[in-house]
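Below, each chain spelled out in residue letters.
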Amino acid sequence: MGILRADNLQKSFGTRTLFRDVSFEIQPGERVGLIGVNGSGKTTLFRILLGKERADNGIVSLAPSARITEVEQRPDTAQDVDLFHFTLEAFSELLETERTLNEIVSRIDREPEQRSRLIARQDVLLETFDRRGGNTFRSRTRSALLGLGFSEADLVRPIGEFSGGQVSKAMLARAILTEADILLLDEPTNNLDVAAIRWLEEYLKEFRGAVLVVSHDRAFLDATVTRILELSQGTIHSTPGNYTRYTEQKLSARERAEKLYFRQQKEIKRIEGIIAQQRRWNQERNYVTIASKQKQIDRIKAEMVPPEKDEKHIVFRFPEPKPTGNEVIELRHLAKQYGDTPVFSDLDLMIRKGECVCLIGENGCGKSTLLKILVGEEAPTGGTYRLGAGVRIGYYAQHTDDLHDEKTILNELYDTFPQMTPNELRGYLGMFLFRGDDIEKEIGTLSGGERARIQLLKLVLSGANVLLLDEPTNHLDIASSEVLEHALEQFEGTILIVSHDRYLVNRLSDRVILLSAEGLMEQTDESENLFDRIRPAQRTVRTEQKDRSENHYLKQKEAKTALLQARQSLKRIEQEIEHNDAEREQCQKDLLSATERGDYQLIQSICDRLTVLQQKETELYERLETAEEAYNFFNREETK
């Protein structure tokens, strides 16, 4: 029996149905990834599962005595509480029991007549307190926080003083310490550094409970989940495997659906041709054939399912930038500190024209601060920096505080780009999925993903030739992240990116640089530690390749041979299909000619031949599908 079950959930807002007939079940210990474009309803579904919001229809069932907890995407950090006690709230029941025990102790002295009853109550509570770990929960909380990279001094700092990434780690610690049976994570890698993400990945592998995670971090999904639930076009689809396996299966399923739909359309067209011919003969037996063929068409149409279309996603590219000098950004002994607390010191760096440099490092090491210095929002406390000739910077901040909550979307853009007409801005907003009345929404009512799209559009319109991007994929869905990556690949200017998104780093970076307390370390072939932190999966593959034996070489050679044979088989079948199609077209022409001459014996012969060719076409397409599956299998094996 599943630990969590959803049956026919439906949720609407006004006239818009967010999702309908959503049903799935999560088994004990299962790791499930929930994906979908921004606005598809993932967070709303989470709130329904947690009982924080009601569904319009359907029910959510949790196994008896099972405990469910969450790691919120946006925790409330306005509390006047230090980090240690913020995290200690994971043990709210134990804290309440402790308070009750303290109260009983004081009452025993004040109420001697109740002494026996109070002592009996105390014994029961103490047994429960001990069994649930009451003697160790404070030490476990401290150990978890220190293990996540916090210092002893951090434990007494107010939670509101920490960065978003540090608060996310505290929330993770709090959720983990609850020892729930099912853990719900909403974008858990947002604002986490690479080291913290890898720690979370390792923890989830050892976690005994079930996990349901909403994430756009493709590398994280690959490392942690065993099933993907996609919330798309108002319904949900389940695919076994991690994210990479999901993309492979989705592509394969779509290709099969498109081919089947194409074959069905061709078959309908062929039968309609026969019907047209039978009508021209205008005899009684012809109308019997026409009725039969029309029923055949109706059956095919009833079975036809158009291939599923992609959800709408942003579409854009950066305009061609104006040229800069060869030396774009130079740092010399750059330093920054707040009061007596140093952030970084003695940074030396040169970024040249056309480079894409990715900057990584732990939370709080100064990555965002460095970008703010380069755009003039912060001043360095030591050293210098220089921007090259012709540099025009476009800055994408990690947070969207520079947007004005009281303005409408259209006014926000028009006030920033007054040289553009409202119609021009409407066109650009449409490319970023803001259409119709959407452009009159106030900025303050937008979701994190919508605010990120506004910020990205402002970056595109800025005409910058040097892009400084601070965690640009944090609030974008997977489809939008891939569009952004493609646009950045095509961008002819210079890019400096702060990111923990390993897919983005692997795809775009010309150089990877680690910022730490020791300064800047650039990734080279020898910098194994940095290579591990950025590309652990790829490094493992390369190391294994070096250690493979001659036996593996022979297997690899056999795989190449199998791939070649599969490719040749595929080509032969495609040629047979082309030949079959050509013969069918010739038969159709011959049939038309025989009909005009009234040669009914030849007509019957041609119709018989067309039937044979149709059967052969069906067989060929079945062989083609089998051959394609074989080719795709050997191709995947070859690229492993």
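Before reading further, recall that the structure is shown in the block above.
A brief structural summary. Here the residue numbers are simple positions, counted from 1 along each chain's written sequence. pLDDT decides what is reported in this predicted model: residues at 70 or higher carry local features, side-chain atom pairs at 80 or more are listed and counted, and totals for whole chains, interfaces and linings draw on all residues regardless. Side-chain figures throughout are based on the complete set of non-hydrogen atoms in the structure, without hydrogens or water.

1. Here's the deal with the overall build of the protein
Then, number 1: A helix here means a DSSP run of H or I that spans at least four residues, while a strand means a run of E at least two residues long, and both kinds are numbered starting from the N terminus. A tally of helices and strands in the protein yields 20 helices and 18 strands.
Then, number 2: The cut-offs for exposure are 20% and 50% of the maximum accessible area for each residue type, with area from a 1.4 Å probe on protein chains only; residues under the lower value are buried, those over the upper are exposed, and the others partly exposed. Here the protein holds 640 residues, and the buried ones make up 45% of them.
Then, number 3: We call two residues in contact when some of their heavy atoms are within 4.5 Å. Counted over contacts in the protein with a minimum sequence separation of 6, partners at least 24 positions apart contribute 72%.
Then, number 4: Of the accessible surface of the protein, which amounts to about 33,500 Å², a share of 48% is contributed by carbon and sulfur atoms. Throughout, the Shrake-Rupley method with a 1.4 Å probe supplies accessible areas, and for residues the shown protein chains are the sole cover considered.

2. Here we look at the pattern of salt bridges
Then, number 1: Every case where a carboxyl oxygen of Asp or Glu lies within 4 Å of a side-chain nitrogen of Lys or Arg is listed as a salt bridge. In total, this model carries 39 salt bridges according to the counting rule given.
Then, number 2: Lysine 52 is the partner of glutamate 70 in a salt bridge, and the nearest nitrogen-oxygen pair spans 2.2 Å. Of the two residues, glutamate 70 sits in strand S5 (residues 68-71) while lysine 52 sits in the loop between helix H1 (42-49) and strand S4 (57-62), which places them 18 residues apart along the sequence.
Then, number 3: Its salt-bridge partner being arginine 245, residue glutamate 248 comes within 3.6 Å of it at the nearest N-O pair. Residue glutamate 248 and its partner arginine 245 are both found in helix H9 (residues 243-281); the two are separated by 3 residues, about one turn of the helix.
Then, number 4: Residue arginine 245 is classed as partly exposed on the basis of its relative accessible area, which comes to 36%.
Then, number 5: Residues joined by salt bridges that share partners form a network here, namely Arg218, Glu482, Glu485, Glu489, Asp501 and Arg507.

3. Digging into the sheet that holds strand S8 (residues 227-232)
Then, number 1: The rule for pairing is simple: two strands pair if DSSP sees at least two bridges between them. Here we have 6 strands laid out as an open sheet, ordered S5-S6-S7-S3-S8-S9, and mixed in their pairing. Looking along the sheet, the strands with just one partner apiece sit at the ends: S5 and strand S9 (235-240). Neighbour to neighbour, the strand axes of the sheet diverge by 20° on average, direction disregarded.
Then, number 2: With 4 bridges joining them, strand S3 (residues 31-35) and S8 adopt parallel strand pairing. By the bridge assignment, glycine 33 is partnered in S8 with isoleucine 228.
Then, number 3: Where helix H7 (residues 194-206) meets the sheet, it contacts S3, strand S6 (182-186) and strand S7 (210-214), and its direction lies at approximately 130° from that of S3. A fitted line through C-alpha atoms represents every axis, and for helices the fit uses only the stretch in contact; the resulting angles, taken between N-to-C directions, go from 0 to 180 degrees.

4. Quick word on the pairing of strand S2 (residues 16-26)
Then, number 1: Direction of pairing for strand S1 (residues 4-13) relative to S2: antiparallel, over a ladder of 7 bridges. Within the sheet, the bridge partner assigned to arginine 5 lies in S2 and is glutamate 25.
Then, number 2: Count of turn residues in the S1/S2 antiparallel hairpin: 2 residues, of which glycine 14 carries a positive phi of about 65°.

5. Thoughts on the packing of aromatic side chains
Then, number 1: Ring pairs are drawn from Phe, Tyr and Trp, using the six-membered ring of Trp, whenever the two centres fall within 6.5 Å, and their geometry is named by plane angle: stacked under 30 degrees, edge-to-face over 60, tilted for the rest. Considering all chains together, one arrives at 8 aromatic pairs under this definition.
Then, number 2: With a centroid separation of 6.4 Å and 90° between ring planes, the pair formed by phenylalanine 129 and phenylalanine 137 is classed as edge-to-face.
Then, number 3: Since its relative accessible area comes to 0%, phenylalanine 137 is described here as buried.
Then, number 4: Site record: aromatic cluster; members linked through ring pairs are Phe316, Phe318, Phe432 and Phe491.
Then, number 5: Here, a charge over a ring is recorded when the distance from Lys NZ or Arg CZ to the ring centre is within 6 Å and its angle to the ring normal is within 35 degrees. Positioned above the aromatic ring of phenylalanine 86, the side-chain terminus of arginine 174 is 4.3 Å from the ring centre.
Then, number 6: Here the guanidinium or amino end of arginine 453 rests over the ring plane of phenylalanine 434, the centre of that ring lying 4.6 Å away.

6. A few points about the nonpolar core
Then, number 1: In terms of nonpolar packing, the biggest core is built from 50 residues, with Leu83, Ile159, Leu183, Leu185 and Leu204 touching the most fellow members.
Then, number 2: At 8 residues, the largest contribution of residues to this core is made by helix H6 (residues 164-177).
Then, number 3: Not counting residues within four places of it along the chain, the set of residues in contact with leucine 185 comprises Phe46, Val71, Leu172, Leu204, Val211, Leu212, Val213 and Val214.
Then, number 4: Take the buried residues of types Ala, Val, Leu, Ile, Met, Phe, Trp, Tyr and Cys, join any two whose side-chain atoms come within 4.5 Å, and each joined set is a nonpolar core. Membership of the second largest hydrophobic core comes to 44 residues, among which are Leu413, Leu425, Leu433 and Phe491.

7. Overview of the environment of isoleucine 197
Then, number 1: Along the chain, isoleucine 197 turns up in helix H7.
Then, number 2: Along the backbone, isoleucine 197 and phenylalanine 220 are 23 residues apart, and their C-alpha atoms lie at a distance of 7.7 Å.
Then, number 3: Look past the residues within four positions of isoleucine 197 in its chain and what remains in contact with it is Thr189, Leu192, Asp217, Phe220, His500 and Arg502.

8. Overview of the sheet that holds strand S11 (residues 341-352)
Then, number 1: Pairing in this open sheet of 3 strands is antiparallel, and the strands run S11-S10-S13 from one edge to the other. Of all the strands in the sheet, the pair left with one neighbour each is S11 and strand S13 (382-387). The sheet shows a mean angle of 15° between the axes of neighbouring strands, taken without regard to direction.
Then, number 2: In terms of strand pairing, strand S10 (residues 327-338) meets S11 through 8 bridges, oriented antiparallel. If you follow leucine 334 over to S11, its bridge partner there is leucine 347.

9. Topic: the environment of proline 323
Then, number 1: The residue proline 323 is located in the loop between helix H10 (284-303) and S10 in this model.
Then, number 2: Exposure remark for proline 323: the relative accessible area of 63% places this residue in the exposed category.
Then, number 3: Put simply, proline 323 and valine 391 are 68 residues apart on the chain and 8.1 Å apart in space, counted from C-alpha to C-alpha.
Then, number 4: Among residues more than four places away in sequence, those in contact with proline 323 are Lys353, Gly390 and Asn465.

10. Quick look at the environment of serine 163
Then, number 1: Structurally, serine 163 is set in the loop between helix H5 (137-147) and H6.
Then, number 2: Overall, the relative accessible area of 29% leaves serine 163 in the partly exposed class.
Then, number 3: C-alpha separation for the pair serine 163 and glycine 364, spaced 201 residues apart in sequence, amounts to 7.2 Å.

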